[in-house]
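Listed below are the residues making up each chain.
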Amino acid sequence: MPLGHHHATTTRTTTTTTRPKRGGLFTRRQPATTHHHHAQPVHHQKRHATLGDKVSGALLKLKGTLTHRPGQKAAGTRRMHGTDGRGSHRSSKMASRRKYRY
């Protein structure tokens, strides 16, 4: 082989097409166009928390902190924010009249 003589080397690249992966029986596939957004917090129905609710909630929260009870602390937070569900269980006027129907 003479010096200075080079063989031309060709590199061949093969492209493989990717097939969508088949899922199992319970696999759900997302549409290709959706982008993942950050999850929005769940919207809770609020009532107007009164000043008494705020004080009561703060004391409940403090009690939960001191007694190492996270559930009680969370309940205090919910009461302060008005998301504890109080006042949502009142039935309508017509519901109480149903038992008097003939």
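Residues numbered from 1 in each chain as written. Predicted model: local features only at pLDDT ≥ 70, side-chain atom pairs only at ≥ 80, totals over all residues. Heavy atoms only, no water.

1. Things to note about the pattern of salt bridges
Oppositely charged side chains can pair when the atoms bearing their charge come close.
Part 1: In total, this model carries 5 salt bridges according to the counting rule given.
Part 2: Two residues, Asp53 and Arg47, come together in a salt bridge whose shortest N-O distance is 2.8 Å.
Part 3: With a relative accessible area of 6%, Asp53 lands in the buried category.
Part 4: Here Asp84 makes a salt bridge to Arg86, at a shortest N to O gap of 3.7 Å.
Part 5: Residue Arg86 is classed as partly exposed on the basis of its relative accessible area of 45%.
Part 6: Connected through salt bridges with shared partners, the residues Arg47, Asp53, Arg79, Asp84 and Arg86 form a single ionic network. (Salt bridge = Lys/Arg side-chain N within 4 Å of Asp/Glu carboxyl O. Buried < 20%, exposed > 50% of the residue type's maximum accessible area, 1.4 Å probe, protein only.)

2. Quick notes on the confidence of the model for the chain
Part 1: Looking at the chain, the pLDDT average stands at 79 and 69% of residues meet or exceed 70.
Part 2: The lowest-confidence element of the chain is helix α3 (residues 93–97), averaging 63 in pLDDT; the highest-confidence one is helix α1 (residues 51–66), averaging 96. (pLDDT = per-residue confidence, 0-100. Helix = DSSP H or I, 4+ residues; strand = E, 2+ residues; numbered from the N terminus.)

3. Digging into the packing of α1 against helix α2 (residues 70–81)
Part 1: Contact geometry of α1 with α2 gives a least axis separation of 7 Å together with a crossing angle of 165 degrees. Judged by the angle between their axes, α1 and α2 are roughly antiparallel. In this structure, α1 meets α2 at a crossing whose hand is left-handed. Across the interface between the two elements, Asp53, Lys54, Ser56, Gly57, Ala58, Leu60, Lys61, Lys63, Gly64 and Thr65 from α1 touch Gln72, Lys73, Ala75, Gly76, Thr77, Arg79 and Met80 from α2.
Part 2: Class assignment of the residues belonging to the contact of α1 with α2 gives a composition of 4 nonpolar, 7 polar and 6 charged. (Axes fitted to C-alpha atoms, helices over the stretch in contact; angles between N-to-C directions. Parallel < 35°, antiparallel > 145°, perpendicular 65-115°, else oblique. Left-handed = near helix turned anticlockwise from the far one by under 90°. Contact = heavy atoms within 4.5 Å. Nonpolar A, V, L, I, M, F, W, Y, C, P; charged D, E, K, R; others polar.)

4. Some remarks on α1
The α-helix winds at 3.6 residues per turn, so residues separated by three or four positions along the chain end up facing the same way.
Part 1: Its 16 residues give α1 an end-to-end C-alpha distance of 23 Å, which sits within 8% of 22 Å, the value for a rise of 1.5 Å per residue.
Part 2: Asp53, Gly57 and Gly64 are the residues of α1 that are buried. Down the axis of α1, the sector holding all buried residues measures 30 degrees, keeping them to one side. Among the exposed residues of α1, those oriented more than 90 degrees off its buried face are Leu51, Leu59 and Leu66.
Part 3: Residues of α1 that are buried in the fold lie against α2.
Part 4: His68 lies just past α1 and shows a positive phi near 55 degrees. (Expected span 1.5 Å × (residues − 1). Arc of directions from axis to C-beta.)

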